[in-house]
Amino acid sequence: NRFTDTAEDLTNDIEKALFFQRRSLFFALAIGSLVGSIAVLLAMEKLNWLHFLLVGVGIAYSYRLIPWYAPGQGIVFLRIKEMTFLKNLSVAFLWGGAVFAVPILYSSTRVDQTFVLLQLSLGLFLSTLNNTLFDDILDEAGDRIARIKTLPTLWGSRNSLWLLWTLDAMWIGWVAFCFATRRLDTAHSIFLAFLGAYPFLYTGIYTRFKPTKGVMDMLTESDLLLFSIGLMVLSTR
């Protein structure tokens, strides 16, 4: 994706854009990794539909492959990245679902506590949705120049932030309800509530202090790391 976002990256983060333009080897490594993963899974007889879905959506995210009707233009081809809000939902759904779907598909063990598992998956979905939509807020200027229709370019950054805050507050309320009705134990409730509270932290830092994009990228991309640490802590109980 870094090799297909040149127009917007030259405005949003010119250092990043120039870095990847000068290192085409990374593109070859990415393609090689995808081919290698398919070869390994094929050799182990573990290749399934989910792998093709993940790779296929990743390609369609970056390249104009999806036919779409545009008023006044007829059928045009778009990237998922250019499809308002569908981009955010598709990334969040794949990240939120694949992390749990892959172990389930490859395991013969019976899945217990499906409600808790579903809440963890929804928590990761919410974290990733926050991540992708907030990235769009940071990239609003470049997306406008590249004429990419994201929620921030259509609604404005402030309204997009309010959407995230509303979703996060609703999630925390839902976790509190599940805890009160004993659907979730204390540890899971704290962890899931934290997933809804963390975006308030980095969006608050952004609105209050306006740090560099590098700092904000580090904070937003830490959500998966924090999620992984949380799962490790829960697994020790």
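Read on for an overview of the structure. Per chain, residue numbering runs from 1 following the sequence as it is written. Only residues with pLDDT of at least 70 get local features here, since the model is predicted, and only at 80 or more are side-chain atom pairs given and counted; chain-wide, interface and lining totals rely on the full set of residues. Note that the side-chain values use all heavy atoms of the structure and ignore hydrogens as well as water.

1. Quick look at a nonpolar patch on the surface
The condition is simple: Patch membership is restricted to residues that have no salt bridge and whose relative accessible area is over 30%. Joining uses 9 Å for like charges and 5 Å for the nonpolar side chains Val, Leu, Ile, Met, Phe, Trp and Tyr. Surface accessibility follows the Shrake-Rupley procedure with a 1.4 Å probe radius. Residue values consider only the protein chains on display as shielding. Each reported salt bridge corresponds to a side-chain nitrogen of Lys or Arg within 4 Å of a carboxyl oxygen of Asp or Glu. A run of DSSP states H or I qualifies as a helix once it reaches four residues; a run of E qualifies as a strand once it reaches two. Both are numbered from the N-terminal end. Burial classification: accessible surface area is computed with a 1.4 Å probe over protein chains only, and a residue below 20% of its type maximum counts as buried, one above 50% as exposed, and the rest as partly exposed.
Residues Phe27, Ile31, Leu34, Val35, Ile59, Tyr63 and Leu65 make up a contiguous nonpolar surface patch of roughly 600 Å² in combined accessible area. Considering every element that reaches the nonpolar patch, the biggest residue donor is helix 3 (residues 25-43), with 4 residues. Tracing the sequence through the fold places Tyr63 in the loop between helix 4 (49-62) and strand 1 (66-70). Its relative accessible area of 37% is what places Tyr63 among the partly exposed residues.

2. Remarks on the pairing of strand 2 (residues 74-78)
Heads up, the rule is: Two strands form a pair only when DSSP identifies at least two bridges running between them.
Direction of pairing for strand 1 relative to strand 2: antiparallel, over a ladder of 5 bridges. Paired with Ala70 across the two strands is Gly74, which belongs to strand 2. Taking the residues that link successive antiparallel strands as the turn, the strand 1-strand 2 hairpin has 3 residues, and the phi of Gly72 there is positive, at about 85 degrees.

3. What about the nonpolar core?
Condition: Take the buried residues of types Ala, Val, Leu, Ile, Met, Phe, Trp, Tyr and Cys, join any two whose side-chain atoms come within 4.5 Å, and each joined set is a nonpolar core. The contact criterion used is simple: two residues touch if any of their non-hydrogen atoms lie within 4.5 Å.
Within the largest apolar cluster, 14 residues are counted, with the highest numbers of intra-cluster contacts made by Leu120, Leu184, Phe191, Leu192 and Phe227. Looking at this core, the elements with two or more residues in it are helix 6 (114-138), helix 9 (157-180), helix 10 (186-209) and helix 11 (213-235). If you tally residues by element for this core, the top one is helix 6, at 4 residues. Excluding residues within four positions of it along the chain, Phe227 makes contact with Phe100, Leu120, Leu124, Phe191 and Leu195. Membership of the second largest hydrophobic core comes to 13 residues, among which are Phe134, Leu138, Leu161 and Tyr198.

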